[in-house]
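Chains, contacts and geometry: an overview
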Amino acid sequence: MTQTTGTALVFIGTYTHTDSQGVYTCRFDRDSGALEQVSVATGAGNPSFVALHPSKRYLYAASEVMEFDGKEQGAVYAYSIDAGPGELNYLNSQGAGGPGPCHVKVDATGRFVLAANYHGGSVCMLPIEDDGSLAPASDFIQHEGSSVNPRRQDQAHTHSINPDAQNRFAYVPDLGQDRVVIYRLDTDDGRLIPNEPACVEVNPGFGPRHFDFHPGGKWAYLINELGSMITVFEYDRESGSLSEFQVIGTLPTGFSGSNTTADIHVHPSGRFVYGSNRGHDSIAIFAVDEDSGRLTALGHRSTRGRTPRNFGIDPSGRFLIAANQDSDSIVSFHIDQDTGQLTPTGHELNIPMPVCIRFLDE
């Protein structure tokens with residue numbers, strides 16, 4: 001059972017366009033929701049999205065740059081975690097094969113990092129060595145295609161890569177193609193093998209971005225950046241297929257401003273789903289029907305800042321932490337376990353251009 005008192009480590013990926021220095025380590029108070037900066041790992045350009053190894057000994061960061069090692073590609077950086085203070089120690093870095101990697105995950109075996117290259121519209125698989133460092137990519141796949149938005153969907157734009165709980169499949173929302181591409185994970189040879197069915201389409205112009213599974217293993221939830229909508233799927237663990245059965249908006253009725261969504265997470269209890277709005281600058285809150293997986297809107301909570309790019313839910317399910325990219329702030333909220341509603345704890349931390357929140361469950 002996840003610890004609910006004491007402290008935990010939190011790692012924050014950032015953009016280094018302005019004053020940010022890299023990946024920040026913070027200590028999180030599980031009683032109050034307060035965050036305190038501990039250290040920062042420097043050296044990587046735009047280490048925007050971070051992922052933890054199952055052993056909790058290593059962290060991997062997507063360096064969201066357009067050139068690395070003299071090639072048109074971004075990189076993935078590997079760090080070991082000093083378990084006491086949580087300081088990150090640089091191990092090595094490897095090219096991601098395409099420019100602008102924006103998302104990384106570690107597979108359940110702890111043997112591979114999976115990366116999605118947004119600007120390049122590609123995905124890759126990087127083997128993890130025994131010491132936590134990265135070997136060159138064992139597989140690379142270039143996506144091809146476009147959709148109806150000429151400015152944002154003129155080519156493929158892979159926005160995340162998400163292994164399922166069984167570690168059999170990986171799901172890749174491609175904003176540029178309006179589809180979720182499905183791969184079978186070959187962890188013997190380090191390959192991404194196109195599944196059959198190979199993908200599922202979403203509404204034209206929706207721009208799929210991030211993806212999360214319900215802990216019950218029956219449903220999956222996709223947030224669509226351009227459409228400000230969540231698509232709900234039935235998930236078949238045997239075939240890997242996704243079957244859409246609901247689309248629901250993330251914005252309040254009557255909102256007329258510009259908005260793009262960013263992140264989505266299912267509460268550990270499986271009772272609630274949360275999604276972030278950039279423009280409305282809020283977290284949209286939904287209840288999950290325990291029998292059907294359908295969502296019911298429960299309202300919104302301001303993130304008390306601008307452009308909540310990503311957010312994290314602590315493993316106990318008691319707190320949500322929002323990363324407000326354009327106001328340089330991390331804000332924590334208490335989660336009501338009965339209603340799913342969010343209440344500000346009163347604690348905020350200044351971190352330049354925060355992008356990703358990742359809890360180390362101690």
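Above this note sits the structure.
Nothing here was measured: the structure is a model prediction, and the numbers come from that model.

Under the counting rule described, the total for this entry stands at eleven aromatic pairs. Where Tyr171 meets Tyr235, the ring centres are 6.1 Å apart and the plane angle is 85°; that geometry is what we call edge-to-face. With Tyr171 in strand β13 (residues 169–174) and Tyr235 in strand β18 (residues 229–235), this pair connects stretches of sequence that are 64 residues apart. In this structure Tyr171 comes out as buried when scored by relative accessible area, which is 0%. Owing to a relative accessible area of 6%, Tyr235 belongs among the buried residues under this scheme. Counting every residue linked through ring pairs, the aromatic cluster contains Phe169, Tyr171, Phe211, Phe213 and Tyr235.

In terms of burial, strand β6 (residues 75–81) is a largely internal element, seven of the seven residues being buried. Neither face of β6 is open: one carries Ala75, Tyr77, Tyr79 and Ile81, the other Val76, Ala78 and Ser80, and all of them are buried. Alignment of strand β5 (residues 58–63) against β6, held across six bridges, turns out to be antiparallel. Paired with Leu59 across the two strands is Tyr79, which belongs to β6. Alignment of β6 against strand β7 (residues 88–95), held across seven bridges, turns out to be antiparallel. By the bridge assignment, Ile81 is partnered in β7 with Leu88. Counting the residues between successive antiparallel strands, the hairpin from β6 to β7 contains six residues, one of them, Gly86, with a positive phi of roughly 80°.

Strand order in the open sheet formed by four strands is β8-β9-β10-β11, with antiparallel pairing between adjacent strands. Both edges of this open sheet fall to β8 (101–106) and β11 (139–142), since each of them pairs with a single strand only. With direction set aside, neighbouring strand axes in the sheet form an average angle of 15°.

This part is about empty space enclosed by the protein. Counted according to the given criterion, the structure contains one cavity of 30 Å³ or more. Considering only enclosed or pocket space, the largest cavity measures out at about 50 Å³ in volume. For the largest cavity, the full set of lining residues is Tyr15, Ser48, Phe49, Glu64, Cys102, His159, Arg209, His210, Arg309, Asn310 and Val355. Looking at side-chain class alone, the lining of the largest cavity contains four nonpolar, four polar and three charged residues.

On to the sheet that holds strand β26 (residues 329–335), then. Strand order in this open sheet of four strands is β24-β25-β26-β27, and the pairing throughout is antiparallel. With one partner strand each, in any of the chains shown, β24 (308–313) and β27 (342–350) form the two edges of the open sheet. Mean inter-strand twist for the sheet, computed between neighbouring axes without regard to direction, equals 25°. Sheet topology note: the strand β25 (residues 319–324)/β26 ladder contains six bridges and is antiparallel. Bridge pairing links Ala323 to Ile330 in β26.

The rules behind each value
Residues numbered from 1 in each chain as written. Predicted model: local features only at pLDDT ≥ 70, side-chain atom pairs only at ≥ 80, totals over all residues. Heavy atoms only, no water. Phe/Tyr/Trp six-rings, centres within 6.5 Å; stacked < 30°, edge-to-face > 60°. Helix = DSSP H or I, 4+ residues; strand = E, 2+ residues; numbered from the N terminus. Buried < 20%, exposed > 50% of the residue type's maximum accessible area, 1.4 Å probe, protein only. Pairing = 2+ DSSP bridges. Axes fitted to C-alpha atoms, helices over the stretch in contact; angles between N-to-C directions. 1 Å grid on protein atoms, 1.4 Å probe; cavity = no way out; pocket = protein on both sides within 12 Å on 5 of 7 lines; lining within 4 Å. Points joined across faces, edges and corners; volume = space filled by probe spheres on them. Nonpolar A, V, L, I, M, F, W, Y, C, P; charged D, E, K, R; others polar.

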